[in-house]
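Here is how the chains run, residue by residue.
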Amino acid sequence: MEKTVKIEAYNPDWVSEFHQEKARILEVLKNDSLCVEHIGSTSVMGLGAKPILDIMAGVQHLAEVDTFIEPLKSIGYEFVPHKEFPERRFFRKGQWRAGTHHLHIYRFGSEQWKNQLSFRDYLRSRPDVRKQYQQLKMSLAEKHPADIVGYTKAKAPFILYVMESAKGG
């Protein structure tokens, strides 16, 4: 069943939910040195979001991720191959297109890793940009109520703009 695109008001429980899920991931992977970050809209205080926790883990080599598939399956994560994103490994918890958690794994320190953190941190530090993004997301959720892919694609130009702004200072 596909969820509709619904933006919820910021929920401070998202932070504690992230910490609980991070602990589960680290426990099942038996890897205390794995770097795990809360990313996406649920990681930005005051920003409304689809209630999906985006979690990012950094590894030294993406080949390591093959050994994560079975342990993560034991806590409800399904590996979802995406050939169009060769620098990322992706796991979803929950139903197809209606997941509750997304786990993105990148090589620690890679450009993709840095971009995720830059976007999050820029939104955290710039209330004006956070407000613009909130308004855009609400508008796009109305425009694409049953089309998560269309909603996501329509956000891309704004995200790229913010990324360029974050690089410029």
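Reading the values: rules and limits
- Residues numbered from 1 in each chain as written.
- Predicted model: local features only at pLDDT ≥ 70, side-chain atom pairs only at ≥ 80, totals over all residues.
- Heavy atoms only, no water.
- Helix = DSSP H or I, 4+ residues; strand = E, 2+ residues; numbered from the N terminus.
- Buried < 20%, exposed > 50% of the residue type's maximum accessible area, 1.4 Å probe, protein only.
- Contact = heavy atoms within 4.5 Å.
- Phe/Tyr/Trp six-rings, centres within 6.5 Å; stacked < 30°, edge-to-face > 60°.
- Lys NZ or Arg CZ within 6 Å of the ring centre and 35° of its normal.

**Side note on the environment of Lys-6**
Turning to step 1, where the next piece is worked out: Structurally, Lys-6 is set in the segment before helix 1 (13–29).
Turning to step 2, where the next piece is worked out: It is 28 Å that separates the C-alpha atoms of Lys-6 and Ala-23, two residues lying 17 residues apart in sequence.

**Topic: the environment of Val-162**
Turning to step 1, where the next piece is worked out: Of note, Val-162 is situated in helix 5 (residues 148–168).
Turning to step 2, where the next piece is worked out: Note on Val-162: relative accessible area 0%, which makes it buried.
Turning to step 3, where the next piece is worked out: Between the C-alpha atom of Val-162 and that of Val-44, which follows or precedes it by 118 residues, the distance is 14 Å.
Turning to step 4, where the next piece is worked out: When sequence neighbours within four positions are dropped, the list of residues in contact with Val-162 reads Phe-119, Tyr-122 and Val-129.

**Concerning the packing of aromatic side chains**
Turning to step 1, where the next piece is worked out: Considering all chains together, one arrives at 6 aromatic pairs under this definition.
Turning to step 2, where the next piece is worked out: Ring centres of Phe-119 and Tyr-133 lie 5.6 Å apart, and the angle between their planes is 85°; on these two criteria the pair is classed as edge-to-face. Here Phe-119 is found in helix 3 (residues 111–125), whereas its partner Tyr-133 is found in helix 4 (residues 127–143), with 14 residues between them in sequence. With respect to class, Phe-119 is no different from Tyr-133; both count as buried.
Turning to step 3, where the next piece is worked out: Among the aromatic residues, ring-to-ring pairing joins Phe-119, Tyr-133, Phe-158 and Tyr-161 into one connected group.
Turning to step 4, where the next piece is worked out: Between the NZ or CZ atom of Arg-88 and the centre of the ring of Phe-85, over which it lies, the distance is 4.7 Å.

The values are spatial; any link to function lies outside them.
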